Amino acid sequence: MCGIFGAVNSSGYFNREDYGNFVNSTDIVNYRGPDAGGYVGLNSRGSNPLSGNKFNVFLGHKRLSIIDLSSAGNQPFTDNNGLWIIYNGEIFNYIELKEELKRRGHRFYTKTDTEVILGVYREYGEGGFCHLNGMWAFALVDLSNERVVLSRDRFSIKPLYIHQSRDKIFFSSEIKQLLTVVKNREVNNDVMYKYLKQGLIDYNNETFFEDIHKVKPMHNVVIDLRTRKLEETRYWDYFDEEVPAKDNELTEYFRELFIDSVRIRLRSDVPVACLLSGGLDSSGIAVIADRFSDNGIKCFSIVSDNKKYSEEKFINCLENKRGLNVEKILFRGGVAWDYIEKVLWHQDEPVGGFTAVAHNYMMELIKAHSDIKVILSGQGGDETLCGYKKFFFFYLKEAFRRKHFLDLIQNAFLSFIYRTVIWQFSISGAKRYIRHLQVSGSDPLDKVLQFNTGLEPIWRHETLRSRQALDIDRYSVPELTHYEDRNSMAYSMEIRLPFLDYRLVNFVLNIPDSMKIRHGWTKYILRKAINELPREIAWRRDKQPFLIPEERWIKYDFKDRIEELFGSSKLHDIGLINKNELLKTYRDFIRGNRLIFRSDIVRFIMAEIWLRMFIL
């Protein structure tokens, strides 16, 4: 886990002044890699690639040492045969890949997973990155063929940003590194509109900044230094997979995949811990990880000073019945407002709500209480296993379309009987998935917004499988992995996500819908497969997010600050909103207008503060 920065000049050369500036751009994210740093200027056109003052490729790296803690793992890394790489991430199946490559005649001189990536490229080319099981963002320089290959993992776990200015291309782990080379900072109005109106973040390869983009997940970007051409290629896609026909066989195979996903994500030369919320996903990871730890896996749980927002009873259940080693950390919500600027600085872009702020605070507390560098998290479980409430309604809609009326009646009726997730339905959570509420003109936000770039059709739904893929690729996972990565790396910690093992994701997308949602129960196959879980956890009826009193904060605790913020709106000053309508909308929300939701208000708060920090 690290921070990277790179620059490519496809027609000319950089100089020593550029080199110093690029070193500074690399060092902006020291917190991503405090253990070591390295920089190199390469000349792909000359006989000596390390020619000093004349170079057309720069590579900068900040290292967080996780695997092979020796200096042999420092980067930029070279195989001394024309390949160089800077890399952020972990390849969890690197041991198996190394053995396979050895059988094919490759030799290895370190214990790193970094060297394995170069071996994979040597053997298969950039199309061979489909063999990698992990999370990554890297730049690989092939001097012999005068090519630079940028690659990003399948599920948006690790960030990789790119900015092109004529014949120069810059790339980095965080946007703030690229702001040093961007001439004019301008808001991407289309991204801003879909954020304020629909709550969308990271739904495509654009950012809140004009002229800064993301390398797409599942893709490589190949820069040909001879022809100056830039080509984007896809190295992986979902595929139809033959799965067992019987429920018990499906459950057993899922269990095997899930256990192996957790097992290989425990590979580390530094201590590993789990985040434990008391929910189904994090609990499932924790009980499996505990099996592979000689002294029991360390778990961190955040408990609130407000019992209404605490999951402590479920955490206690796991402690008492499974003997998990849990350290509880008290979250005091009063600090939330004071953390907004800090969080937005690390995130580089507006966030969806105070959950991201609370998560940052949680990372800070874990760092203060331990020497942990690696954490397992349950993100991705809701998308892969249909955990969100919306999936239940997409499921019923599909059953109706296919005229599976018995299945429809059973699930709807039994959901009420068992009081499962349908009981938590709220219009605020469903708003962006109901097309009529977005386009009818009844949305109070339409009076606030002074521009309209068009809506993203987030309500679209063909099959449950395709809807899951959309959430994994566009509408859910990228936002969650964005804030988890930036918050954890702000404190030099790495988060690993077992539910986003590509083998597990592809398998679950191909199993029958009835193994995901049955009799009103979401995540049905997970509940059946992980028999180590206490029944109180495995068959929890509710679905809880990171519990924080967000509505109380913005109605009461932060009211004066919000009034002041909106009253001097910078979004208004640049013509994007009407601040008088925003203040009216906020006051209507406080008075209980049911068409205005706290998430709507929070987005304007985040956008205002972000704009002042990064643009104006």
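These numbers come from a predicted model, not from an experiment. Residue numbers run consecutively from 1 along every chain, following the written order of its sequence. Under the rules for a predicted model, residues below a pLDDT of 70 receive no local features and side-chain atom pairs below 80 are neither given nor counted, while totals for whole chains, interfaces and linings still include all residues. To obtain the side-chain values, all non-hydrogen atoms of the structure were used and water was disregarded.

A. Expanded view of the overall build of the protein chain. Starting at the N terminus, helices and strands are each numbered in turn, a helix being any DSSP run of H or I of at least four residues and a strand any DSSP run of E of at least two. Regarding its fold elements, the protein chain presents 26 helices and 17 strands. A globule of 616 residues ought to have a C-alpha radius of gyration of about 25 Å, and the protein chain, at 24 Å, matches this closely. Across its three principal directions, the C-alpha atoms of the protein chain cover 75 × 60 × 50 Å. Among the 616 residues that make up the protein chain, the fraction classed as buried is 61%. A separation threshold of at least 6 residues defines the contact pool for the protein chain, and within that pool the share at least 24 residues apart is 73%. In the form shown here, the protein chain has an accessible surface area of approximately 24,000 Å², with 47% of it arising from carbon and sulfur atoms. Neither His nor the chain ends contribute to the count of charged residues, in which Lys and Arg are positive and Asp and Glu negative. Every charge is mapped to an atom, namely NZ of Lys, CZ of Arg, CG of Asp or CD of Glu. Taking the average location of the 87 positive side-chain charges in the protein chain and that of its 82 negative ones, the two points are 3 Å from each other. Atoms considered for the radius of gyration are the C-alpha atoms alone. The globule rule reads 2.2 Å times the number of residues to the power 0.38. The rule is simple: take the accessible area with a 1.4 Å probe, protein chains only, and divide by the maximum for that residue type; under 20% is buried, over 50% is exposed, in between is partly exposed. Note on contacts: a residue pair qualifies if any of its non-hydrogen atoms lie within 4.5 Å across the two residues. For the area figures, the Shrake-Rupley method with a 1.4 Å probe applies, and any residue is considered shielded solely by the protein chains shown.

B. Structural view of the packing of helix H9 (residues 336–347) against helix H26 (residues 598–614). A fitted line through C-alpha atoms represents every axis, and for helices the fit uses only the stretch in contact; the resulting angles, taken between N-to-C directions, go from 0 to 180 degrees. Running from N to C, H9 and H26 point in directions that differ by 55°, and their axes come no closer than 10 Å. Taken as axis vectors, H9 and H26 run oblique relative to one another. In terms of crossing hand, the pair formed by H9 and H26 is right-handed. Mapping the contact onto sequence places Trp-337, Ile-340, Glu-341, Leu-344 and Trp-345 in H9 and Ile-605, Met-606, Ile-609, Trp-610, Met-613 and Phe-614 in H26. Throughout this entry, Asp, Glu, Lys and Arg are counted as charged residues, while Ala, Val, Leu, Ile, Met, Phe, Trp, Tyr, Cys and Pro are counted as nonpolar. The remaining residues, Gly among them, count as polar. A class-by-class count of the residues in the contact of H9 with H26 yields 10 nonpolar, no polar and one charged. Under this scheme an angle from 65 to 115 degrees is roughly perpendicular, one under 35 degrees roughly parallel, and one over 145 degrees roughly antiparallel; angles in between are oblique. By convention the crossing between two helices is left-handed if the near helix lies anticlockwise of the far one by an angle smaller than a right angle, and right-handed if it lies clockwise.

C. Geometry of the side chain of Arg-63. Counting through the fold element by element, Arg-63 comes out in strand E3 (residues 57–63). Salt-bridge detection follows one rule: a side-chain nitrogen of Lys or Arg within 4 Å of a carboxyl oxygen of Asp or Glu. Put simply, Arg-63 is tucked away with no salt bridge, and the nearest opposite charge, on Asp-68, sits 5.3 Å away. Nitrogen and oxygen atoms within 3.5 Å of one another constitute a polar contact, given that in protein one can donate a hydrogen and the other can accept it, and given that sequence-neighbouring residues count only through two side-chain atoms. Among the polar contacts made by the side chain of Arg-63, one reaches the main-chain carbonyl oxygen of Asp-68 at a distance of 2.4 Å. In this structure the side chain of Arg-63 is engaged in a polar contact, spanning 3.0 Å, whose partner is the side chain of Asn-74. Not counting chain neighbours up to four residues away, the residues in contact with Arg-63 comprise Met-1, Cys-2, Gly-33, Pro-34, Asp-35, Ala-36, Asp-68, Leu-69, Ser-70, Gly-73 and Asn-74.

D. View of the state of the cysteines. Disulfide: a pair of cysteine sulfur atoms within 2.5 Å of each other. This structure, assessed with the given rule, holds zero disulfides. Free cysteine Cys-274: the closest other cysteine sulfur is in Cys-299, separated by 5.0 Å. Residue Cys-299 is classed as buried on the basis of its relative accessible area of 0%.

E. Spatial organisation of the packing of H9 against helix H18 (residues 477–489). For the pair H9 and H18, the least separation of the axes is 9 Å and the interaxial angle reads 105°. Taken together, the axes of H9 and H18 lie roughly perpendicular to each other. Of the residues in H18, those in contact with Val-343, His-346 and Gln-347 of H9 are His-482, Tyr-483, Arg-486 and Asn-487. Partitioned by chemical class, the residues of the contact of H9 with H18 number two nonpolar, four polar and one charged.

F. Representation of the packing of aromatic side chains. Only Phe, Tyr and Trp rings take part, Trp by its six-membered ring, and two of them pair if their centres are within 6.5 Å. Stacked means planes under 30 degrees apart, edge-to-face means over 60, and tilted covers everything else. Applying the stated criterion to the full structure yields 34 aromatic pairs. Seen in terms of ring centroids, Tyr-19 and Phe-58 are 5.4 Å apart; in terms of plane orientation they differ by 85°. Their pairing is edge-to-face. Of this pair, Tyr-19 sits in helix H1 (residues 16–27) while Phe-58 sits in strand E3, and the two are 39 residues apart along the sequence. Looking at Tyr-19, the relative accessible area reads 17%, which means it is buried. Given a relative accessible area of 0%, Phe-58 falls into the buried group. Ring-pair connections join several aromatic residues into one group, and the members of that group are Phe-5, Phe-14, Tyr-19, Phe-22, Phe-55, Phe-58 and Phe-170. Each ring is checked for a lysine NZ or an arginine CZ that lies within 6 Å of its centre and within 35 degrees of its normal; such an atom marks a charge sitting over the ring. Here Arg-45 stacks its cationic end above the ring of Tyr-13, 4.9 Å away from the centre of that ring. In this structure, Arg-154 is placed above the aromatic ring of Trp-236, and the distance from its NZ or CZ to the ring centre is 5.1 Å.

G. H26, seen in detail. Every helix has an expected span of 1.5 Å times one less than the residues it contains. Taking 1.5 Å per residue, 17 residues should reach 24 Å; H26 reaches 24 Å between its end C-alpha atoms and fits that length. Within H26, 13 of the 17 residues are buried, leaving the element largely enclosed by the surrounding structure.

H. Region of the structure containing the pattern of salt bridges. Applying the stated criterion across every chain yields a total of 55 salt bridges. With its nearest N and O atoms 2.9 Å apart, the salt bridge here joins Arg-503 to Asp-501. Among the ionic pairs, Glu-563 bridges to Lys-559, the shortest N-O distance being 3.8 Å. Of the two residues, Glu-563 and Lys-559 are both situated in helix H23 (residues 559–567); the distance of four residues between them amounts to about one turn of the helix. The exposure class of Glu-563 is buried, given its relative accessible area of 18%.

Keep in mind that these numbers describe shape and distance, not what the molecule does.
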